[in-house]
There are 2 protein chains.
Amino acid sequence: MVTIKEVAKVAGVSTATVSRVVNGQGKVGDQCRARVTKIIKELGYRTNHVAVIHRKNEAKMIGLVTPKISMAFFGLLAAGAEEMARELGANLLICNSLYEVESEINAIHALVAQGCQSIILHSEYSESEQLIKLCKEVPGLVIINRFIPEISERCVWFDNNSASQACTNYMIDKGHRDFAVVSSIYQNGDPCARLLGVKQALLLRGITLSDDLLVEAGANIDGGMDATQELLDKGKPFTAIIAFNDLMAIGAIHTLHKAGIRVPEDVSVFGFDDLPMAKACLPQLTTMNYPIEGMAKYAVELSLSLVKDAPKHAKQTHLFVADLIERGSVTEPK
Amino acid sequence: MVTIKEVAKVAGVSTATVSRVVNGQGKVGDQCRARVTKIIKELGYRTNHVAVIHRKNEAKMIGLVTPKISMAFFGLLAAGAEEMARELGANLLICNSLYEVESEINAIHALVAQGCQSIILHSEYSESEQLIKLCKEVPGLVIINRFIPEISERCVWFDNNSASQACTNYMIDKGHRDFAVVSSIYQNGDPCARLLGVKQALLLRGITLSDDLLVEAGANIDGGMDATQELLDKGKPFTAIIAFNDLMAIGAIHTLHKAGIRVPEDVSVFGFDDLPMAKACLPQLTTMNYPIEGMAKYAVELSLSLVKDAPKHAKQTHLFVADLIERGSVTEPK
DNA sequence: CTGAAAGCGCTAACAA
DNA sequence: TTGTTAGCGCTTTCAG
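Residues numbered from 1 in each chain as written. Chains lettered and ligands numbered in written order. Predicted model: local features only at pLDDT ≥ 70, side-chain atom pairs only at ≥ 80, totals over all residues. Heavy atoms only, no water.

## A look at unusual backbone geometry
- Following V263(A), the chain continues to P264(A) via a peptide bond in cis, the omega torsion being 5°.
- Tracing the backbone through its elements, the reader meets P264(A) in the loop between α11 (246–258) and β9 (268–270).
- Residue L282(B) is joined to P283(B) through a cis peptide bond whose omega torsion reads -5°.
- Positionally, P283(B) belongs in the loop between β9 (268–270) and β10 (287–289).
- If you check the backbone angles, N145(B) has positive phi at about 80° while not being a glycine.
- Structurally, N145(B) is set in the loop between β4 (140–144) and β5 (155–158).
- A residue is classified by how much of its surface remains accessible, and N145(B), at 10% relative accessible area, is buried. (Helix = DSSP H or I, 4+ residues; strand = E, 2+ residues; numbered from the N terminus. Buried < 20%, exposed > 50% of the residue type's maximum accessible area, 1.4 Å probe, protein only.)

## Things to note about the domain arrangement of chain A
Residue and element names in this part refer to chain A.
- For chain A, the assigned domains are domain 1 (4–47), domain 2 (58–158 + 293–321) and domain 3 (160–290).
- Each of domain 2 and domain 3 was reduced to a C-alpha centroid, and the two centroids are 30 Å apart.
- Taken residue by residue, the interface counts 8 residues in domain 2 and 11 residues in domain 3.
- Buried area between domain 2 and domain 3, summed over both chains or domains, comes out near 880 Å², and the portion from carbon and sulfur atoms is 62%.
- When residues of domain 2 are sorted by the area they lose upon contact with domain 3, F73, Y125 and F158 head the list and together hold 57% of the total. (Domains from an automatic or database assignment. Contact = heavy atoms within 4.5 Å. Buried area = accessible area lost by both parts, 1.4 Å probe.)

## Observations regarding the interface of chain A and chain B
- Contacts between the two partners involve 41 residues from chain A and, on the opposite side, 41 residues from chain B.
- If you sort the residues of chain A by the area they bury against chain B, V50(A), Q114(A) and L282(A) come out on top, with a joint share of 16%.
- Our count for the chain A to chain B interface comes out at 12 residue pairs in polar contact (both at pLDDT 80 or more).
- Contributions of two or more residues to the side of chain A that touches chain B are made by α4 (49–56), α5 (72–87), β2 (91–96), α6 (101–113) and α11 of chain A.
- Residues of the side of chain A that touches chain B, tallied by class, amount to 22 nonpolar, 14 polar and 5 charged.
- Here 3 bridges tie β2(A) to strand β2 (residues 91–96) of chain B, and the two strands are oriented antiparallel to one another. Paired with L93(A) across the two strands is L93(B), which belongs to β2(B). (Polar contact = N/O pair within 3.5 Å; in protein donor to acceptor, adjacent residues only side chain to side chain. Nonpolar A, V, L, I, M, F, W, Y, C, P; charged D, E, K, R; others polar. Pairing = 2+ DSSP bridges.)

## What about the environment of R33(A)?
All names here are of chain A.
- Checked against the element boundaries, R33 lands in helix α3 (residues 30–43).
- Assessed through its relative accessible area of 26%, R33 is described here as partly exposed.
- In sequence terms R33 and V22 are 11 residues apart; their C-alpha atoms lie 9.3 Å from each other.
- Ignoring sequence-local partners within four residues, the contact set of R33 consists of R20, V21, G24 and V28.

## Focus: a nonpolar patch on the surface
- A grouping of M71(A), Y99(A), V101(A), Y125(A), I185(A) and Y186(A) is seen on the molecular surface, where their side chains present a nonpolar patch of about 530 Å² in accessible area.
- Among the structural elements, Y186(A) can be located in the loop between β6 (179–184) and α9 (189–204). (Patch = residues over 30% accessible without salt bridge, like charges linked within 9 Å, V, L, I, M, F, W, Y side chains within 5 Å. Areas by Shrake-Rupley, 256 points an atom, 1.4 Å probe, with all protein chains shown as cover. Salt bridge = Lys/Arg side-chain N within 4 Å of Asp/Glu carboxyl O.)

## Thoughts on the nonpolar core
- Residues I241(A) and I241(B) are the most contacted members of the largest nonpolar core, which totals 154 residues.
- Formed by 50 residues, the second largest nonpolar core is a distinct cluster that contains V50(A), I53(A), I119(B) and I132(B). (Core = buried A, V, L, I, M, F, W, Y, C linked by side-chain atoms within 4.5 Å.)

## Considering the packing of helix α5 (residues 72–87) of chain B against helix α12 (residues 292–308) of chain B
Residues and elements named next belong to chain B.
- The geometry of α5 relative to α12 is characterised by a closest axis approach of 7 Å and an angle of 40° between their N-to-C directions. Relative to α12, the element α5 is oriented oblique. Judged by the twist between their axes, the crossing of α5 over α12 is right-handed. Residue-level contacts link F73, L76, L77, A79, G80, A81, E83, M84 and A85 of α5 to I292, E293, A296, K297, V300 and E301 of α12.
- The residue makeup of the contact of α5 with α12, split by class, is 10 nonpolar, 1 polar and 4 charged. (Axes fitted to C-alpha atoms, helices over the stretch in contact; angles between N-to-C directions. Parallel < 35°, antiparallel > 145°, perpendicular 65-115°, else oblique. Left-handed = near helix turned anticlockwise from the far one by under 90°.)

Structure representation (structure tokens):
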């Protein structure tokens with residue numbers, strides 16, 4: 001590896017001068033700069049960033065901790081983060097936490113030790129207390145997708161409640177009255193907030209949701225299929241299904257199709273997230289767009305600025321809202 | 001930040017001893033080790049890995065360069081790489097190349113400068129010469145998804161040809177004779193090899209593919225829709241579509257559906273890749289499973305071993321093969 | 001078994 | 001404008 005030292009020797013200058021040339025800062029004579037530049041090229045010198053990071057104690061690395069990068073939603077999150085990171089001249093270091101509380105914490109510590117000052121964390125199960133503590137230790141830590149009042153300025157999150165109210169109202173406006181809800185079996189964060197939003201909207205419009213028509217399962221395609229089958233087995237009539245997310249909505253459509261029930265003619269199905277997959281199924285899903293890529297980009301920017309200087313607006317939080325994407329899975333009931 | 005020095009001072013030993021305790025190597029007395037361990041805990045000391053990497057000049061980081069992490073296929077690739085990296089106690093650093101030759105090279109250099117010794121590169125457009133040169137510079141560089149004979153031992157790739165022959169033969173065996181092919185407009189690597197495989201299989205079975213029934217478009221859902229529309233417009237009859245990938249296959253199904261043509265009753269559609277999305281569309285896609293996650297894991301392992309010691313079997317290459325996944329989009333022709 | 005000391009490659013005062 | 005020098009935090013001989 002060619003070092004700054006060798007360049008200096010060959011060019012007959014000091015390492016400091018080479019450093020100045022490399023970084024383009026400080027005063028350097030023109031012919032001196034030209035000669036050094038030439039030597040750098042000839043020798044194929046390349047900065048050892050590890051040394052720089054070590055020296056300056058500031059890494060241009062953004063750490064990202066999500067449960068599982070292979071899941072479509074987190075893939076999108078990572079994509080957004082990477083995009084902004086690259087835009088800001090940083091690299092993205094990713095860690096899967098696999099939904100384990102301990103690996104979340106471990107990942108964060110590992111990232112810090114790697115020199116990451118900026119970290120984006122998607123945490124569903126860690127205690128708020130734990131996260132608040134972590135935020136004190138790591139100035140560049142940003143929590144994505146969860147709101148904790150005590151550290152509101154570190155939270156980039158999403159208004160599940162109003163989004164699911166909007167989706168519910170949309171269906172009510174279409175004329176639906178008999179709703180079924182396919183929710184996630186894990187009633188933390190998102191699922192809980194969304195279910196609440198649906199119930200609230202229904203309540204406000206004077207519609208009751210029968211307990212029989214609220215079913216839970218794993219938040220994936222298979223879960224959606226199972227839950228919908230359960231719904232069908234109960235035999236209670238409904239004209240609309242509100243699914244926790246697109247995956248479950250797709251599962252619902254498949255089960256409905258197998259049972260000879262047409263979507264949307266017989267039953268409308270509403271998704272959530274607007275994954276790329278939502279466009280793949282037939283009919284294409286009407287769904288709420290969860291702007292996770294944009295949120296991730298924002299989070300990276302926020303994190304980097306947090307590292308630089310403490311937040312100006314101590315109590316500002318960062319809330320994103322949904323768009324309703326109309327496609328083909330919802331229509332008026334017969 | 002608590003350093004080894006402070007621990008040493010508090011414990012009344014030298015930094016060398018603390019280092020030995022931390023790394024569990026070298027001889028250290030029992031009570032001495034116990035005391036140091038206790039102090040480490042009390043002070044909350046945590047290794048500064050940047051310093052370690054700098055000192056040892058060996059990073060436990062795997063770099064991954066793909067065109068675009070948000071695309072499902074590359075998300076899967078990243079997921080596999082991350083999984084193996086974590087298993088091996090390493091971190092994954094990701095870079096998007098956005099299909100630009102120059103950013104590929106830049107990304108590699110940046111990664112090397114960051115201390116990455118192991119790099120997994122998915123490159124479609126760089127010249128082979130360039131990559132061969134790069135491989136000489138970077139001992140831990142592994143090329144995924146492409147075969148270059150001169151550096152065969154660095155290539156982890158996939159047998160597109162036999163896979164597409166298998167898929168074609170499968171449909172011929174079902175009784176299909178009138179084929180249409182929806183291919184990618186970019187006739188490099190994968191698309192080229194797959195198209196060749198289809199043509200070869202057809203030839204061997206004495207079936208001719210009409211030029212009219214070979215169309216090209218962007219390798220995504222919309223491209224699949226457009227290409228299929230083009231096919232329909234031409235008016236030539238066919239009973240089977242072989243699509244370049246799942247995305248195009250899904251697009252084909254949508255266009256067919258819109259035209260009132262049933263899949264698979266009227267026309268069978270074959271995909272490629274077996275993305276999670278393949279299970280989302282109706283009917284679910286019959287497709288070839290591209291084991292990209294497994295390949296990525298393998299590539300990481302290979303890369304790491306390459307860094308350690310030169311390959312034992314100089315001319316061994318690393319070829320993966322497909323599985324045919326039977327789902328609902330292919331059946332016998334009427 | 002333990003400590004002293006050199007040095008990884010780079011930057012940033014401080015001098016000159 | 002340029003050079004000298006002192007580290008960043010850690011590991012690793014080499015002595016003791």
